[in-house]
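If you want the building blocks of each chain, they are given just below.
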Amino acid sequence: MKPLRVVKSTFIPVNIENIDTDQIIPARFLKATTKEGFGQNLFRDWRYENDDPSKPKSGFPLNQSQYTGEILVAGKNFGCGSSREHAAWSIQDYGFRAVVSSFFADIFKNNALNNGVLPVTVSEDFLHRIFQQDHNATLTIDLEKQTITIDATGEQEHFDINNYKKTCMLNGYSDIDYLLSIKPEIEAFEKAEN
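Criteria and cut-off values
Residues numbered from 1 in each chain as written. Predicted model: local features only at pLDDT ≥ 70, side-chain atom pairs only at ≥ 80, totals over all residues. Heavy atoms only, no water. Helix = DSSP H or I, 4+ residues; strand = E, 2+ residues; numbered from the N terminus. Rg over C-alpha atoms; globule rule 2.2 N^0.38 Å. Buried < 20%, exposed > 50% of the residue type's maximum accessible area, 1.4 Å probe, protein only. Contact = heavy atoms within 4.5 Å. Lys, Arg positive; Asp, Glu negative; His and termini not counted. Charge placed at Lys NZ, Arg CZ, Asp CG, Glu CD. Polar contact = N/O pair within 3.5 Å; in protein donor to acceptor, adjacent residues only side chain to side chain. Arc of directions from axis to C-beta. Pairing = 2+ DSSP bridges. Salt bridge = Lys/Arg side-chain N within 4 Å of Asp/Glu carboxyl O.

### Thoughts on the overall build of the chain
Part 1 of the argument: A tally of regular secondary structure across the chain gives eight helices and seven strands.
Part 2 of the argument: For 194 residues, the compact-globule estimate of 2.2 N^0.38 gives 16 Å, and the chain sits close to it at 18 Å.
Part 3 of the argument: Judged by the C-alpha coordinates and their principal axes, the chain covers about 65 × 45 × 25 Å.
Part 4 of the argument: Residues classed as buried in the chain amount to 45% of the 194 residues present.
Part 5 of the argument: The contacts of the chain with a sequence gap of at least 6 include a subset with a gap of at least 24, amounting to 62%.
Part 6 of the argument: Positive and negative side-chain charges in the chain, numbering 20 and 27 respectively, have mean positions lying 4 Å apart.

### Thoughts on the side chain of S102
Part 1 of the argument: Position of S102 among the secondary structure elements: in the loop between β3 (98-101) and α4 (106-114).
Part 2 of the argument: With a relative accessible area of 13%, S102 lands in the buried category.
Part 3 of the argument: Side chain to side chain, S102 and E124 meet in a polar contact 2.8 Å long.
Part 4 of the argument: The residues contacting S102, other than those within four sequence positions of it, are K76, T121, V122, S123, E124 and L127.

### Details of helix α5 (residues 124-131)
Part 1 of the argument: Among all positions in α5, only F126, L127, I130 and F131 are buried. What you see down the axis of α5 is that its buried residues fit within an arc of 140 degrees, all on one side.
Part 2 of the argument: Looking at the packing, one finds that the buried side of α5 touches β1 (6-14), β2 (71-74), β3, β5 (138-142), β6 (147-150) and β7 (155-158).

### Brief notes about the pairing of β1
Part 1 of the argument: Buried residues dominate β1, accounting for seven of its nine residues.
Part 2 of the argument: Both β1 and β5 contribute to a ladder of five bridges, which runs antiparallel. Bridging from a neighbouring strand, S9 pairs with L139 of β5.

### Here we look at the side chain of N115
Part 1 of the argument: When you line up the elements, N115 lands in the loop between α4 and β4 (118-121).
Part 2 of the argument: At a separation of 2.7 Å, a polar atom in the side chain of N115 contacts the main-chain carbonyl oxygen of N111.

### Let's talk about the pattern of salt bridges
Part 1 of the argument: Considering all chains together, one arrives at nine salt bridges under this definition.
Part 2 of the argument: As a salt-bridge pair, D45 and R28 come within 2.5 Å of each other at their nearest N and O atoms. One end of the pair, D45, is in helix α2 (residues 44-47); the other, R28, is in the loop between α1 (21-24) and α2, and 17 residues separate them in sequence.
Part 3 of the argument: Under the relative-accessibility criterion, D45 is labelled partly exposed at 35%.
Part 4 of the argument: Residue D125 pairs with R129 through a salt bridge whose shortest N-O separation is 2.0 Å. On the criterion of helical spacing, the pair formed by D125 and R129 is a turn pair, its members being four residues apart in helix α5.
Part 5 of the argument: Residues participating in the shared-partner salt-bridge network are R28, R44, D45 and D51.

Written out as structure tokens, the structure reads:
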């Protein structure tokens, strides 16, 4: 995983509540066993007419050229439904570094953190204010400070994250990478026990 400290970017708004993992990545695309290539099918059924990539739905934000960026902003209860890790893979593969919502399903949140995508939980009011911004607006997410800022207005909120997952995200560690980073401490502990 790539380390994540600060993400300052425009954002893509998908102002829909209860986006489940089957809408994020439809089940028919879950046959692959590697993480690559899932981004092209992110929100597949919402992006294309009759499942045809040559017929993008003009009303969907990912198909609108004015919306770009490394941050996805979504409605409440993002990632609900089945516990497929592929949902996080597709978001990461599309190019998003963070997802902002007022509530995340627990399993999706953990899958996102394990795959280098930062889920940022904000209040309903703050989320509403983000959705009111125009397409040129930027957000700044500072993982070390655990803050998200609407840059145009200076409005800011603090978000929570598990300290262990924060350390992993800041350093680009998987769980195994983290264990390797503390190998000397583990070895010292083993010696002290003997």
